[in-house]
Structures are given as C-alpha cells and as structure tokens.
Amino acid sequence: MSFDLIALANVHVDLGDYATAVPLISRALRIREARYAPDHLYIGYVLLFKAQVLHTLNDPTAVDLARRGAQIMHTRLGKTHPKTLDAFALVNRLG
C-alpha cells in the first residue's frame, strides 16, 4: 500500500501538484513507520522524498526530514555510498 501511495504522489509531483502529494507521502510514511524498523531504508527514502516536496512548498520542516533520512542512509549504506552522499547534499541544499 505504501508503495502505491508513493507512486501516486510521484504522479502529482510530476504534474507540479505538490500540495496534493504531501498527504499521500505522509500516509505512506506512517504505514512504513508502523511496519519497519525506525532506520529502515524504506523510511529513509520516504523522508527524503517528503523533504524535497516540502522544500518546494517552502516548508521549513523539510531540512529536519532530510537530515533524518540522510542519517538512515548513512547508517544503512555507509558514509561513502552514492545515495548517502546525495542525501547529505540535499540536507546542505535545504539548510
């Protein structure tokens, strides 16, 4: 279910409808947080996606979500993995 919500949110993002995407991403995040460990990659990916969308909407909470997502990437993939480096680059751009 969470994967379907993320796919639908991506459609809205592609259409430039960020405000509609946010609740879909939030719901997917709640589902994943209930199902997976707090540092699971699936949660990290959703946090980073939500951070990007919120940043587009000028929401200041985006940087905290990106930071949490980047930390998950670091824990799970290591500090030199390309996805980890991208995540911390996002944090720097948002901060």
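Conventions and cut-offs
- In every chain, residue numbers begin from 1 and rise along the written sequence.
- Local features in this predicted model are restricted to residues whose pLDDT is 70 or higher, and side-chain atom pairs enter the listing and the counts only when it is 80 or higher, whereas totals over whole chains, interfaces and linings include all residues.
- Side-chain numbers come from the whole structure's heavy atoms, not from hydrogens or water.
- Helix and strand assignments follow DSSP, with helices taken as H or I runs no shorter than four residues and strands as E runs no shorter than two, numbered in order from the N terminus.
- Note on exposure labels: buried denotes an accessible area under 20% of the residue type's maximum, exposed denotes more than 50%, and partly exposed covers the range between, all computed with a 1.4 Å probe on protein chains only.
- The criterion used for residue contact is that any of the two residues' heavy atoms lie within 4.5 Å.
- Per-residue accessibility takes into account occlusion by the displayed protein chains alone, with areas from the Shrake-Rupley method and a 1.4 Å probe.
- Angles here are taken between N-to-C directions and fall from 0 to 180 degrees, while the axes themselves are lines fitted to C-alpha atoms, restricted in helices to the stretch in contact.
- Throughout, the term roughly parallel applies to angles under 35 degrees, roughly antiparallel to angles over 145, roughly perpendicular to angles from 65 to 115, and oblique to all others.
- By the definition used in this description, the sense in which the near helix is turned from the far one sets the handedness, with an anticlockwise turn below a right angle giving left-handed and a clockwise turn giving right-handed.
- Note that Gly is not counted as nonpolar here; it falls among the polar residues with everything else outside the nonpolar set of Ala, Val, Leu, Ile, Met, Phe, Trp, Tyr, Cys and Pro and the charged set of Asp, Glu, Lys and Arg.
- A carboxyl oxygen of Asp or Glu within 4 Å of a side-chain nitrogen of Lys or Arg is what we treat as a salt bridge.

Caption draft 1: Here's a closer look at the overall build of the chain. Helix and strand content of the chain: five helices and zero strands. Along the first, second and third principal axes, the C-alpha set of the chain runs to 35 × 30 × 20 Å. In the chain, which comprises 95 residues, the proportion classed as buried is 39%. The contacts in the chain between residues at least 6 apart in sequence include a share of 54% that link residues at least 24 apart. Accessible surface for the chain amounts to roughly 5,500 Å². Of this, 56% is attributable to carbon and sulfur atoms.

Caption draft 2: Spotlight on the packing of helix α1 (residues 2-14) against helix α2 (residues 18-35). Closest axis-to-axis distance for the α1/α2 pair is 8 Å, and the angle between their directions is 165°. The angle between the axes of α1 and α2 places the two elements in the roughly antiparallel class. Remark: the crossing between α1 and α2 carries left-handed chirality. Seen from α1, the contacting residues are Ser-2, Phe-3, Leu-5, Ile-6, Leu-8, Ala-9, His-12 and Val-13; seen from α2, they are Tyr-18, Thr-20, Ala-21, Leu-24, Ile-25, Arg-27, Ala-28, Ile-31 and Arg-32. Of the residues assigned to the contact of α1 with α2, the class counts are twelve nonpolar, three polar and two charged.

Caption draft 3: Quick peek at the pattern of salt bridges. The full count for this structure, using the stated rule, is three salt bridges. For the salt bridge of Glu-33 with Arg-68, the shortest nitrogen-to-oxygen distance reads 2.9 Å. Residue Glu-33 is found in helix α2, and its partner Arg-68 is found in helix α4 (residues 62-77); the two are separated by 35 residues along the sequence. Look at Glu-33 and you get partly exposed, because its relative accessible area is 34%. The partner of Arg-76 in a salt bridge is Asp-39, with the nearest N and O atoms 3.0 Å apart. Of this pair, Arg-76 sits in helix α4 while Asp-39 sits in the loop between α2 and α3 (41-56); the two residues are 37 residues apart in sequence, bridging distant segments of the chain. A residue is classified by how much of its surface remains accessible, and Asp-39, at 28% relative accessible area, is partly exposed.

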